[in-house]
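Coordinate inspection notes
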Amino acid sequence: MSEPERARPLLASEERAYEETEKVHIVGVDEEDGADYNDDELGNSPRFSWKKLWLFTGPGFLMSIAFLDPGNLESDLQAGAIAGYSLIWLLMWATAIGLLIQLLSARLGVATGRHLAELCREEYPTWARMVLWIMAEIALIGADIQEVIGSAIAIKILSNGLIPLWAGVVITALDCFIFLFLENYGIRKLEAVFAILIATMALAFAWMFGQTKPSGTELLVGALVPKLSSRTIKQAVGIVGCIIMPHNVFLHSALVQSRKVDPKKRFRVKEALKYYSIESTGALAVSFIINVFVTTVFAKAFYGTDIADTIGLANAGQYLQDKYGGGFFPILYIWAIGVLAAGQSSTITGTYAGQFIMGGFLNLKMKKWVRALITRSCAIVPTMIVALVFDSSDSMLDELNEWLNVLQSVQIPFAVIPLLCLVSNEQIMGSFKIQPLVQTISWIVAALVIAINGYLMVDFFSGAATSVVLLVLVIIFAVAYVVFVLYLISRGLTYTPWQLVSSQKVTERDDE
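What comes next concerns the included structure. (Residues numbered from 1 in each chain as written. Predicted model: local features only at pLDDT ≥ 70, side-chain atom pairs only at ≥ 80, totals over all residues. Heavy atoms only, no water.)

When its secondary structure is counted, the protein chain shows 23 helices and zero strands. Of all intrachain contacts in the protein chain linking residues separated by at least 6 positions in sequence, the fraction that spans at least 24 positions is 84%. By element, 67% of the accessible surface of the protein chain is carried by carbon and sulfur atoms, the whole surface being about 21700 Å². (Helix = DSSP H or I, 4+ residues; strand = E, 2+ residues; numbered from the N terminus. Contact = heavy atoms within 4.5 Å. Areas by Shrake-Rupley, 256 points an atom, 1.4 Å probe, with all protein chains shown as cover.)

Attention now goes to helix H22 (residues 468-493). Given 3.6 residues per turn, any residue in an α-helix points the same way as the ones three and four places further on. With 26 residues, H22 should cover 38 Å at 1.5 Å per step; its first-to-last C-alpha distance of 38 Å lies within 8% of that length. For H22, the full list of buried residues reads Tyr 481, Phe 484, Val 485, Tyr 487, Leu 488 and Arg 491. (Expected span 1.5 Å × (residues − 1). Buried < 20%, exposed > 50% of the residue type's maximum accessible area, 1.4 Å probe, protein only.)

It is at 10 Å that the axes of helix H5 (residues 88-112) and helix H19 (residues 413-423) come closest, and there the two elements cross at 55°. With respect to H19, the element H5 is oriented oblique. Handedness of the crossing formed by H5 with H19: left-handed. Side by side, H5 and H19 meet where Ile 101, Leu 104, Ser 105 and Leu 108 of the first sit next to Val 416, Leu 419, Leu 420, Leu 422 and Val 423 of the second. By residue class, the composition of the contact of H5 with H19 is eight nonpolar, one polar and no charged. (Axes fitted to C-alpha atoms, helices over the stretch in contact; angles between N-to-C directions. Parallel < 35°, antiparallel > 145°, perpendicular 65-115°, else oblique. Left-handed = near helix turned anticlockwise from the far one by under 90°. Nonpolar A, V, L, I, M, F, W, Y, C, P; charged D, E, K, R; others polar.)

On inspection of all chains with the given rule, the structure shows 18 aromatic pairs. Judged by centre distance (6.0 Å) and plane angle (20°), the ring pair of Phe 484 and Tyr 487 falls under stacked. With Phe 484 and Tyr 487 both in helix H22 and three residues apart, the pair spans about one turn of that helix. Through successive ring pairs, a cluster of aromatic residues spans Trp 127, Phe 414, Phe 477, Tyr 481, Phe 484 and Tyr 487. Positioned above the aromatic ring of Tyr 275, the side-chain terminus of Lys 274 is 5.1 Å from the ring centre. (Phe/Tyr/Trp six-rings, centres within 6.5 Å; stacked < 30°, edge-to-face > 60°. Lys NZ or Arg CZ within 6 Å of the ring centre and 35° of its normal.)

The subject of this paragraph is empty space enclosed by the protein. In the structure shown here, the tally under the stated rule is six cavities of 30 Å³ or more. Of the volumes computed, that of the largest cavity is approximately 120 Å³. Surrounding the largest cavity, 15 residues form its lining, Glu 74, Ile 149, Leu 313, Leu 397 and Asn 401 being those nearest its centre. Put simply, the parts of the chain that give the lining of the largest cavity at least two residues each are helix H4 (70-83), helix H7 (126-158) and helix H18 (394-411). For the lining of the largest cavity, a count of residues per class yields nine nonpolar, four polar and two charged. (1 Å grid on protein atoms, 1.4 Å probe; cavity = no way out; pocket = protein on both sides within 12 Å on 5 of 7 lines; lining within 4 Å. Points joined across faces, edges and corners; volume = space filled by probe spheres on them.)

Attention now moves to the packing of H5 against helix H14 (residues 266-302). The N-to-C vectors of H5 and H14 enclose an angle of 155°; their axes lie 9 Å apart at closest approach. Compared by their axis directions, H5 and H14 come out roughly antiparallel. Considering the relative orientation of H5 and H14, their crossing is right-handed. For the contact of H5 with H14, the per-class residue count stands at 15 nonpolar, eight polar and one charged.

Bringing the state of the cysteines into the picture now. Considering all chains together, one arrives at zero disulfides under this definition. Cysteine Cys 120 remains unbridged, with the sulfur of Cys 421 as its closest cysteine sulfur at 9.4 Å. Residue Cys 120 is classed as buried on the basis of its relative accessible area of 0%. By relative accessible area, which is 9% here, Cys 421 ends up buried. (Disulfide = S-S within 2.5 Å.)

A few words on the nonpolar core. In this structure, Phe 298, Trp 335 and Tyr 352 are the most contacted members of the largest nonpolar core, which totals 147 residues. It is H14 that provides the largest number of residues to this core, a total of 16 residues. Ignoring sequence-local partners within four residues, the contact set of Trp 335 consists of Leu 77, Phe 205, Met 208, Val 294, Phe 298, Leu 313, Ala 316, Gly 317 and Leu 320. (Core = buried A, V, L, I, M, F, W, Y, C linked by side-chain atoms within 4.5 Å.)

Let's shift gears to the pattern of salt bridges. The tally for this structure, following the rule as stated, stands at eight salt bridges. Lys 52 is the partner of Glu 271 in a salt bridge, and the nearest nitrogen-oxygen pair spans 2.5 Å. Placement of the pair is Glu 271 in helix H14 and Lys 52 in helix H2 (residues 50-56), with a sequence separation of 219 residues. As far as the burial class goes, Glu 271 and Lys 52 line up, both buried. Across the pair Arg 268 and Glu 271 runs a salt bridge, and its minimum N-O distance is 3.3 Å. (Salt bridge = Lys/Arg side-chain N within 4 Å of Asp/Glu carboxyl O.)

This part covers the side chain of Thr 95. Within the fold, Thr 95 resides in helix H5. Judged by relative accessible area, Thr 95 falls into the buried class, the value being 6%. Excluding residues within four positions of it along the chain, Thr 95 makes contact with Ile 243, Leu 284 and Phe 288.

Have a look at this one:
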C-alpha cells in the first residue's frame, strides 16, 4: 500500500464537522512560490511559520476550557483548602495526561478528516454505538449542569443576591443563541471570544493571587515534590477525575477540522499535527497556570483552618471576602467574574460538543441552530430542577457536585477506549497510526485514569448503597459496566468496520 493510500481514511461520511466554506485555509500561507513539497521522508516540506501557527491557533484553546470549567475550579479550591500546596505536582501531571489524550484526539481528527463520534458510528454495531451515544450525552448533560450552575452562582454574587439561582440558569441557557450568532461570523470570531473569556479568567485569578500573596517557595516545592496522604486522597482523585472530560475528547477531534488540511497529503497532515501540538501544549500550559492560581489562593487562605472542609464553589467567594475584606475592588466580585467567565465559556463549548456528538453518532442532517437548541434543551431542564431544589443550600450543591463528578468518572472509558483503539489501527489511521511505545504509554495512562476514577466510584457508591436493594442495583450496574468496557477493548483488538460487515452480508445474500 502506497503512503498516500495509507494516509487516506478508510470510510467516507455524509456528516461533516465543518463545511468547506467554513474552514480556515492555510495552504500556501508563508510558503515559497513554486516550491515542490512531497510526501517522501527526505523530501522538501514547508518551513516553520509563525503566521501558520497563528492560523492554526484556536481549537486547542477551545479544548482547554474544559480544564477550566466550574467543576475544575471547585476541585482546585478544595485541594488548596484541604491539602495546601501538596497536590500541585499532581495537578501538573494530570494536565500532562490530559494533553496526551487530547493530542491523540487531534491526531485522529486530522489524519482521518473525521471526528471520534463519526468513526464510532462506523466502527460499532447499532446497539453498541447507541449505548456510546447515550453515555456521551449523559456525560455532556452532567458537565453542563456544573457549568450552568457555576455561571448562575457567579451571576447571583454579582447581583448581590437579587438574581436567584434559577434565573441565573435561564440567563446562562441563552448562551446557545450567542454561540449561534457568533458562529455565523466564522470560526475565527468565535475563537476570539473564547480567547477573551480565558484572558478574563487569567486576569481575575491572577489578581486574587497577587492580593493574597501565596508562598512562592511552597508553590515550587508542591510542584516538584510528590506528596500524598490518606487525608488528601479524595482531593487527589478529584483533580485527576476532573481533567479528562469525555465530551472534550469528542470535541477536540472535531475542532481540528476547522482548518483546511488534505488527509491524502502526508506532509500536510504532519504539518498540521506539528502546529496543533504546539498550540494545544501552550493552551494547556495557560490552563495549568490558572488552576495553580486558584489552588494556591485557597491554600494560602484556608489550609489548616477549621472551615477548610466546608468550602465549595457556592460559598468560596464569601469566605474570601470575610478573610480579605473589601479594597478598591472586593475580592468576592473578582472571584465571581472569573467563575462567570469559566461557566459561560464552558457552557458554549458544551453546546458545540453536543452538536458534534449528536450529529456524528446519529448522522443527523439538520440545521445547526436546531441541533444546538435540542442539545441545550436536554441539559437545561435538569439544570433548572437542580437550581430550584438546591438554591437555598450550599452543602446540598456540594453534594450534587460529588454526584456529577462520579457521573463524569463513569463515562471516561466510553470516550478514551474507542479513541485509543482507533488511533492504534492502521486501517483507520494509515501511516499516522501511533507507534507501539506510544500505544503502551497511552494504554497505561488510560488504565491509570480509569482505575483512579473507579476508586472514586467505589468509594462513592459504597457509601450511597444504604440498603440491600440499592446494593443489588449497584452490583448489577457494575457487572454490566465492566462487561461493556471489556467489549470495547475487544473490538479494538479485532477491528472490522461494522458497516463493512453489514454490506458483505447483504452482498452474500444477493449472490445466493
